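Fold and contact review
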Amino acid sequence: MIWQRAKGAIIIAKLPIIYAVSDSIGETAESVVKATTSQFVQEKFDVIRVPYVKDKAQVEKVIEEARENHGIICYTVVSPELREHIAQKALEHDVEVVDVLGPMLKAIEKTSGLLPKNQAGLIHALDHEYFKRVEAVEFAVKYDDGKNPLGLAKADVVIIGVSRTSKTPLSMYLAHKQIKVANVPLVPEIMPPEELFKVPSHKIIGLLIDPFKLNEIRSERLKTMGLHDGAAYADVKRINEELEYAKGIMRRLHCTIINVSNRAIEETAGMILEYVQKNKERRH
């Protein structure tokens, strides 16, 4: 309640209760109300959020309460039928209403010729996907290149292979598909972490590559680093030793193996995604 001066007299003005009504969680309607009321007075308006309104009975109950309290209704409802019902009942009960989504939906439909999905909560579904993607990317960075073996148990997929078989690029690509990936390099002189052998075999993907293809990749890598391309890192004999060692580890793990010799990252990632999906279906 606030005091206002009108024509030299002081009168009491009662702030209306504002109902933020939605067929989803109601954040958008409430944000619009708060942005609007901030333009008037320092005192806070009473804002009542009414989420998940799905039928006419709920609508009528809110409108009746708003009528009794001389309130205002701000609503974000995607159902054309419910929007029309709100407008009609509000008119009958002399309740002020503001349709936030309706006019914009109609404008886009009219201009573009497209039809809206009329599904509540889509923006929050998109937000949820975004945060899952960010979480997966952070996971891939944290557990890249065997940095922290404790992450292996938490991963959706564990990628193993010798150096330069695209473990890190694959991990990042899959992370953008909301898959949590850890990867572990296989080096003959270093035993893989014991945590790797506790990961279920269906979660592990082993990467193999043609030794001569790997020789080319490693030689180019050495050149970009300003090093001699004849180093042991790019030596075919050494590469064969690494690959034989990697095959032995993969056999012990009974994991799925993909040869990445002539495959783009996207193609290999597609194979892994398909494999992950089949495993999900098999286990549900």
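Residues numbered from 1 in each chain as written. Predicted model: local features only at pLDDT ≥ 70, side-chain atom pairs only at ≥ 80, totals over all residues. Heavy atoms only, no water.

A complete count under the given rule lists 14 salt bridges for this structure. Ionic pairing is found between K34 and E30, a salt bridge with its closest N-O pair at 3.3 Å. Of the two residues, K34 and E30 are both situated in helix α1 (residues 27-37); the distance of four residues between them amounts to about one turn of the helix. Among the residues examined, E30 registers a relative accessible area of 14% and is labelled buried. (Salt bridge = Lys/Arg side-chain N within 4 Å of Asp/Glu carboxyl O. Helix = DSSP H or I, 4+ residues; strand = E, 2+ residues; numbered from the N terminus. Buried < 20%, exposed > 50% of the residue type's maximum accessible area, 1.4 Å probe, protein only.)

Attention shifts here to the nonpolar core. Counting residues in each nonpolar core, the largest one holds 37 residues, and the members touching the most others are V157, V158, I159, I160, I204 and I272. Among the secondary structure elements, those contributing two or more residues to this core are β7 (157-161), α6 (167-175), β8 (181-185), β9 (204-208), α8 (236-253) and α9 (265-282). Sorting elements by how many residues they give to this core places α8 first, with seven residues. Those residues in contact with I160, other than ones at most four positions away along the chain, are K167, V184, L186, L196, I204, I205, G206, L207, M250, L253 and C255. The next biggest cluster of nonpolar side chains, apart from the first, holds 16 residues, and it includes V53, V59, V62 and L82. (Core = buried A, V, L, I, M, F, W, Y, C linked by side-chain atoms within 4.5 Å. Contact = heavy atoms within 4.5 Å.)

Looking at the protein chain, the pLDDT average stands at 89 and 90% of residues meet or exceed 70. Segment residues 1-6 is flagged for pLDDT under 50; beyond a separation of four residues in sequence, or across chains, it makes 19 contacts in the model. (pLDDT = per-residue confidence, 0-100.)

What follows concerns the packing of helix α2 (residues 56-68) against helix α3 (residues 80-92). At a minimum axis separation of 10 Å, α2 and α3 run at an interaxial angle of 30°. The orientation of α2 relative to α3 falls into the category roughly parallel. Read as a crossing pair, α2 and α3 show a hand that is right-handed. Listed contacts from α3 to K56, V59, E60 and I63 of α2 are E81, L82, H85, I86, K89 and A90. Taken together, the residues of the contact of α2 with α3 break down into five nonpolar, one polar and four charged. (Axes fitted to C-alpha atoms, helices over the stretch in contact; angles between N-to-C directions. Parallel < 35°, antiparallel > 145°, perpendicular 65-115°, else oblique. Left-handed = near helix turned anticlockwise from the far one by under 90°. Nonpolar A, V, L, I, M, F, W, Y, C, P; charged D, E, K, R; others polar.)

Before going further, it helps to examine the side chain of N279. Following the sequence through the fold, N279 ends up in helix α9. With a relative accessible area of 7%, N279 lands in the buried category. At 2.8 Å, the side chain of N279 and the side chain of R282 are in polar contact. (Polar contact = N/O pair within 3.5 Å; in protein donor to acceptor, adjacent residues only side chain to side chain.)

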